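These are the residues of each chain, in order.
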Amino acid sequence: MTRLILSITIFSLFFAIDASKVNAQTDYANSNATNRAKFLAQATSILESVPLIDGHNDVPIQYRSRVRYKLSQLDFHNTSDLQRPMHTDIPRMKAGRLGGQFWSVYVPTNVPESESVQITLEQIDFVHRLVDAYPDFLEIAHTADDVERIFGNGKVASLMGMEGGQSIGNSLQVLRQMYELGARYMSITHGRTLDWADSATDTPRHDGLTGFGEEVIREMNWLGMMVDLSHASAPTMRDAIAVSTAPVIFSHSSAMGLNNHPRNVPDDVLDMVKENNGIVMVTFIPSFIFEELHQHISNRNAERARLDYYYTGQPDLVSEKMREWDAANPAPVATLETVANHIDYIKNRIGIDHIGIGGDYDGISLLPEGLKDVSTYPDLFAELLYRGYTEEELKKIAGLNILRVMRDVETESIRLQSERPQASEAIIGDYQD
Ligand SMILES: [Zn+2]
């Protein structure tokens, strides 16, 4: 979740939907009900045979912002009837056949950096307490084997990913303790450039990773914590893949070849991911997947800046003119098919073995049509079946690919710890750059 996304989604809520601008739907969406029911049944049975593992879900930050983590005040059996409904709860996870979830332990970008470690600890504590509160449905997982065992027992394997290197406070000691507490991936940055790594959505300071940043990657490999490059700048992505001896992940990103958004993965980096045997877990965030919407937001921001200048000191008039602009320029609407287009694109470029799913549910307000909450995953897989994907291919996208990456990361960690039994002694002050 970023402030940028929040502001985009908040204003997007006020737009009327213009049907003519909805991303072109495939024949499948318009095909008859019997046809759709057949594909949906097949998709559902595939998702019952392998765990569907989503790379990114922001339920923990929702509980922080809504009820200060008081589980007694927000029942995870039903979050759909709230005044501001959430996307995730137990019945809808069951309906969506979710088998494993990386819960994001996320720190808002606008809090002082000195508080990031504490908030990450609170987020991790929350995930443990959520799992404790719903033991018949959730169980903590640390390894790929854990995920398969828990899925086999009919529960949702609960993993944790730290969203941004601010969570370790420039300290490998903190990084290692976060691993001990269960964090199994770390996004190298969130929306802000750090002392040791550039973000995709902030001014670059290092042209990628610093020397200490490279040491963070090595220590993550050594620990067996996955390197997540969602939110990192393209030079940071390239530097991290060059250093990492284990496969990397993108927990929630899509293809820059289809939408030139800095949060997406450029083609040359996709090629590196194939070489590295990593994975891109395709995200559903409308402005990242739909170029027309990305351009619309750019145009709207430009119009806003123009009006602010032209009508300086007249905020009411600016608001009125913006309402007129919005009425004349409805926001284009992303759909389930838009997401499937990114999966097609990545498959065509680097093959089926490097694709997963990273919805970002509860990290954004607005979702594509057809993917409104976690109950809708089977609809996306039905669309892919309609497009000609095989059952084996869908099993890989659903979970087998990320399980392979997890196992490779675990194996590489064992190899590295046998080579170097001691943790790194490096501190950020050892590095001049
Ligand atoms: Zn994010």
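### As for the overall build of the chain
So, point 1. Broken down by element type, the chain carries 17 helices and 9 strands.
So, point 2. For 433 residues, the compact-globule estimate of 2.2 N^0.38 gives 22 Å, and the chain sits close to it at 21 Å.
So, point 3. Taken along its principal axes, the extent of the C-alpha atoms in the chain is 65 × 60 × 45 Å.
So, point 4. In the chain, 77% of the contacts between residues at least 6 apart in sequence involve partners at least 24 apart.

### Topic: the nonpolar core
So, point 1. Among the nonpolar cores identified, the biggest contains 112 residues, and Ala183, Ala240, Val280, Val339, Ile346 and Phe381 are the most heavily contacted of them.
So, point 2. The element contributing the most residues to this core is helix H17 (residues 391-419), with 8 residues.
So, point 3. Here this core gathers at least three residues from each of two domains, domain 1 (3-13 + 21-290 + 333-421) and domain 2 (291-332).
So, point 4. Dropping the residues within four chain positions of it, alanine 183 is found in contact with Val105, Ile124, Met160, Gly161, Met162, Met178 and Met225.

### A closer look at helix H13 (residues 291-310)
So, point 1. Spanning 20 residues, H13 covers 28 Å between terminal C-alpha atoms, matching the ideal 28 Å at 1.5 Å per step.
So, point 2. Taken as a whole, H13 has its buried residues at Leu293, His294, His296 and Ile297. End-on view of H13: buried residues confined to an arc of 160 degrees, all on one side of the axis. Turned more than 90 degrees away from the buried face of H13 sit Ser298, Asn299, Ala302, Ala305, Tyr309 and Tyr310, all of them exposed.

### Notes on the packing of helix H3 (residues 33-49) against helix H16 (residues 377-386)
So, point 1. Across the interface, H3 lies against H16 with an axial gap of 8 Å and an inter-helix angle of 115 degrees. As judged from the angle between their axes, H3 and H16 are roughly perpendicular. As for how H3 packs across H16, the hand of that crossing is right-handed. Residue-level inspection shows Arg36, Phe39, Leu40, Gln42, Ala43, Thr44, Ile46 and Leu47 of H3 in contact with H16, the latter providing Tyr377, Pro378, Asp379, Phe381, Ala382, Leu385 and Tyr386.
So, point 2. Of the residues assigned to the contact of H3 with H16, the class counts are 11 nonpolar, 2 polar and 2 charged.

### With respect to the confidence of the model for the chain
So, point 1. Averaged over the chain, the pLDDT score is 93; the fraction of residues at 70 or greater is 94%.
So, point 2. The secondary-structure element of the chain with the lowest mean pLDDT is helix H1 (residues 3-12), recorded at 39, while strand S6 (residues 226-228) shows the highest, at 99.
So, point 3. Here residues 1-21 is a poorly scored stretch, pLDDT under 50, and it has 37 contacts once near neighbours within four places are set aside; other chains count.

### Considering the packing of helix H11 (residues 267-276) against helix H15 (residues 336-350)
Angle between the axes and distance between the axes: these two values describe a pair of packed helices.
So, point 1. Where H11 contacts H15, the two axes come as close as 10 Å, and the packing angle between them is 65 degrees. By crossing handedness, the relation of H11 to H15 is classed as right-handed. Contact with H11, carried on its side by Asp267, Leu270, Asp271, Val273 and Lys274, involves Ile346, Arg349 and Ile350 of H15 and no other residues of that element.
So, point 2. Its residues placed into classes, the contact of H11 with H15 shows 4 nonpolar, no polar and 4 charged.

### Details of unusual backbone geometry
So, point 1. Residue aspartate 360 is not a glycine yet carries a positive backbone phi of 65 degrees.
So, point 2. Take aspartate 360: it is sitting in the loop between strand S9 (355-357) and H16.
So, point 3. We note that aspartate 362 has phi near 65 degrees; this positive angle belongs to a residue other than glycine.
So, point 4. Summarising the element assignment, aspartate 362 is placed in the loop between S9 and H16.

### A few points about the domain arrangement of the chain
So, point 1. By domain assignment, the chain separates into domain 1 (3-13 + 21-290 + 333-421) and domain 2 (291-332).
So, point 2. For domain 1 versus domain 2, the separation of C-alpha centres amounts to 32 Å.
So, point 3. Between domain 1 and domain 2, the residue contacts involve 12 residues of the former and 8 residues of the latter.
So, point 4. Only H1 and helix H12 (286-289) provide two or more residues apiece to the side of domain 1 that touches domain 2.
So, point 5. Residues belonging to the side of domain 1 that touches domain 2 are distributed by class as follows: 6 nonpolar, 5 polar and 1 charged.

Procedures and definitions
- Residues numbered from 1 in each chain as written.
- Predicted model: local features only at pLDDT ≥ 70, side-chain atom pairs only at ≥ 80, totals over all residues.
- Helix = DSSP H or I, 4+ residues; strand = E, 2+ residues; numbered from the N terminus.
- Rg over C-alpha atoms; globule rule 2.2 N^0.38 Å.
- Contact = placed C-beta atoms within 7 Å.
- Core = buried A, V, L, I, M, F, W, Y, C linked by C-beta atoms within 7 Å.
- Buried ≥ 20, exposed ≤ 12 C-beta atoms within 10 Å, placed from the backbone.
- Domains from an automatic or database assignment.
- Expected span 1.5 Å × (residues − 1).
- Arc of directions from axis to C-beta.
- Axes fitted to C-alpha atoms, helices over the stretch in contact; angles between N-to-C directions.
- Parallel < 35°, antiparallel > 145°, perpendicular 65-115°, else oblique.
- Left-handed = near helix turned anticlockwise from the far one by under 90°.
- Nonpolar A, V, L, I, M, F, W, Y, C, P; charged D, E, K, R; others polar.
- pLDDT = per-residue confidence, 0-100.

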